[in-house]
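# Commentary on secondary and tertiary structure
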Amino acid sequence: MMHRISYAIATGLLTLATALPTSESNLQARDIGKAGRISNFADIPPSADLHWTPCYNRFHCANLEVPLDYENKTAGTTVVAWIRQEAANSTGIDLLYNPGGPGGSGIEAILAGSGDRILQRTGNKYNVVSFDPRGVNASGIDLTCFPGNPEDRDIFAMAPPYSTDEEMYAMAVATGKWCTAATNETPVRYAGTVAVVQDMLHFTELQAALNGKKPEDALIWYYGVSYGTVIGQTLAALYPNRIGRVIVDANVNGQDYYEGMLGNAVEDTDDAMLYFFKTCYEAGPKGCKFASNSGSAKDIEKRFNDLLAKLEKEPLEAILPSFRVPSIITKTDVLKKIFGDLYAPSATFHGIAYGLDGLEKGNASAWYYYLSETRSVSDPGPFNYTGNAAGDAFRFITAVDAAGRYPLNSVEDWVQTDDKIEKTSQWFGKGYTDTNPLVIAGMKIIPPKSQLFTGNSSLLRPTLPMTAANRVTQASRRPKLASRSSSSTQTPTPSPLSPAQNTCRLSSKAAPSWCRTRPVTDMPVCARIAPSATCRII
């Protein structure tokens, strides 16, 4: 389900399917429902009360009208789109789910099957409820640097990159200032993570009232992946007494996130590549195409580095009859593709091996076959929510959450940070530093006081030693090869090339294992993953 549009988005937390401009006026739906059921959120009247409407064959949907600012009702309202999948053996508890982001669509995740997986893991005991956070997909607040002009946004996204540090920083700042000015008169400042958490609490209270229970006693049950763990951390920090159970799966460093930049985002990726070399050698040529006749994992690593050096000096021509245009394959292309695929090694390690084997032999067709076979394919949902729209949502939500705390104020700051981050990964540091740290450069969007996170930053440590921690479960001790967990165990990255893996770094979807799925299955008793746990891929 993940759609990776650049290093910036891939490493910056975004987890999504495909995408549409976020303006309600631009929603375009295709009919995937059956007679008598809504198959377009535009057909569901917004309401300040919670009204569920049968939708998309087997779900229920709602367009909930919510205050832009719960403490200033005069600010106006927006609409948050919700979807609910009922459990066959429901206990009456709703488990709220966020698949990642910022910019990821919970509705598209459910339509693509995430609800089915969660229901299976929880024994069909808990209704799965997801939503599009403010500014995402079917929900209100148009998060774009080009209001009313999605074509201009798409043209801008195709602009060639600048080559020098000074040029890249200057363009990033200019873009940030442009985006801030273009949305100065719009409600973008109400689209931060704190507002999302408040929407979750509001929904939970409305649902409790529908169930005949006291809204003020309602507790939130929540499952968040990647950026969704920031939502979970924020929820636990701000409303510790309103938590039923919270699962945080593939943790992101919340302290870094709220400063607008993840400085340790690629520190684990080299370990992932080293584990690829190790498992490739152990699998041998029959299980790993890139193993060839190498005598050790070190030999495979050397061949990989030699291949990158060759591509850097002489990119591989791709003049193929099946292609309508000429192309080349560069070192940057290879590293960018592999970097994205390290998010889901269980599904991609074989493909990486096949593609590298082809490149080593000068076979461009093999590389493009690998690209086509590992491209994310899922039910696109009814919205055609584009990658560029999701990228803008990512940019604005990150900027609102940073709230002026972004630490880079000059090209010298960026170069210094660039050098520091680049050293955290010999293979992927450079590609990351040229994009992600600059995503919100030049932007300054401050949320209202009621939505400004100013709490104790120690409550946002990924290991979550926080108030109500006994009700917070970690489904993964390590982020998706993306962030530091302050007390996590250094364990290898999973691969389908080997039957057993010692890993708790990835999300439970990216690398399924009993180790990761147990916290979901045992949610009522709040299972934890032991620091010394060995996760076996299932």
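Residues numbered from 1 in each chain as written. Predicted model: local features only at pLDDT ≥ 70, side-chain atom pairs only at ≥ 80, totals over all residues. Heavy atoms only, no water.

Bringing the confidence of the model for the protein into the picture now. Residues with a pLDDT of 70 or more make up 76% of the protein, whose mean pLDDT is 80. Across residues 525-538, confidence stays below pLDDT 50; counting only partners more than four residues off in sequence or on other chains, it has 52 contacts. (pLDDT = per-residue confidence, 0-100. Contact = heavy atoms within 4.5 Å.)

What follows is about the side chain of Gln-198. Inspection of the secondary structure puts Gln-198 in helix 6 (residues 193-210). Residue contacts for Gln-198: discarding those within four places in its chain leaves Tyr-70, Tyr-239, Ser-450 and Gln-451. (Helix = DSSP H or I, 4+ residues; strand = E, 2+ residues; numbered from the N terminus.)

The subject of this paragraph is unusual backbone geometry. Of note, the bond from Gly-101 into Pro-102 is cis; its omega dihedral lies within 30 degrees of zero at -5°. Relative to the helices and strands, Pro-102 is located in the loop between strand 4 (94-98) and helix 2 (106-111). The phi dihedral of Asn-57 falls on the positive side, at around 70°, and the residue is not glycine. Counting through the fold element by element, Asn-57 comes out in the loop between strand 1 (53-55) and strand 2 (59-67). Among the residues examined, Asn-57 registers a relative accessible area of 35% and is labelled partly exposed. A positive phi angle is found at Ile-141, which is not glycine, with a value near 80°. (Buried < 20%, exposed > 50% of the residue type's maximum accessible area, 1.4 Å probe, protein only.)

Another point: the pairing of strand 6 (residues 220-225). Of all the 6 residues making up strand 6, 6 are buried; the element is thus mostly covered by neighbouring parts of the structure. Side chains Ile-220, Tyr-222 and Gly-224 of strand 6 all project onto a buried face; the interleaved residues Trp-221, Tyr-223 and Val-225 project onto the opposite face, where all are buried too. Sheet topology note: the strand 4/strand 6 ladder contains 4 bridges and is parallel. If you follow Tyr-97 over to strand 6, its bridge partner there is Tyr-223. For the crossover from strand 6 across helix 7 (residues 227-238) to strand 7 (residues 243-249), the handedness is right-handed. (Pairing = 2+ DSSP bridges. Right-handed = clockwise from strand over helix to strand, strands pointing away.)

The next point concerns the packing of aromatic side chains. Applying the stated criterion across every chain yields a total of 20 aromatic pairs. Consider the rings of Trp-52 and Phe-203, whose centres lie 6.0 Å apart with planes at 80°: the pair is edge-to-face. Here Trp-52, found in the loop between helix 1 (7-11) and strand 1, pairs with Phe-203, found in helix 6; they are 151 residues apart in sequence, far enough to count as distant. Aromatic side chains Phe-277 and Phe-304 sit 5.5 Å apart centroid to centroid with 55° between the ring planes, which places their arrangement in the tilted category. Taken together, the residues span a long stretch of sequence, with Phe-277 in helix 9 (residues 269-287) and Phe-304 in helix 10 (residues 297-313) at a distance of 27 residues. Phe-304 matches Phe-277 in its accessibility class, with the two residues each being buried. (Phe/Tyr/Trp six-rings, centres within 6.5 Å; stacked < 30°, edge-to-face > 60°.)

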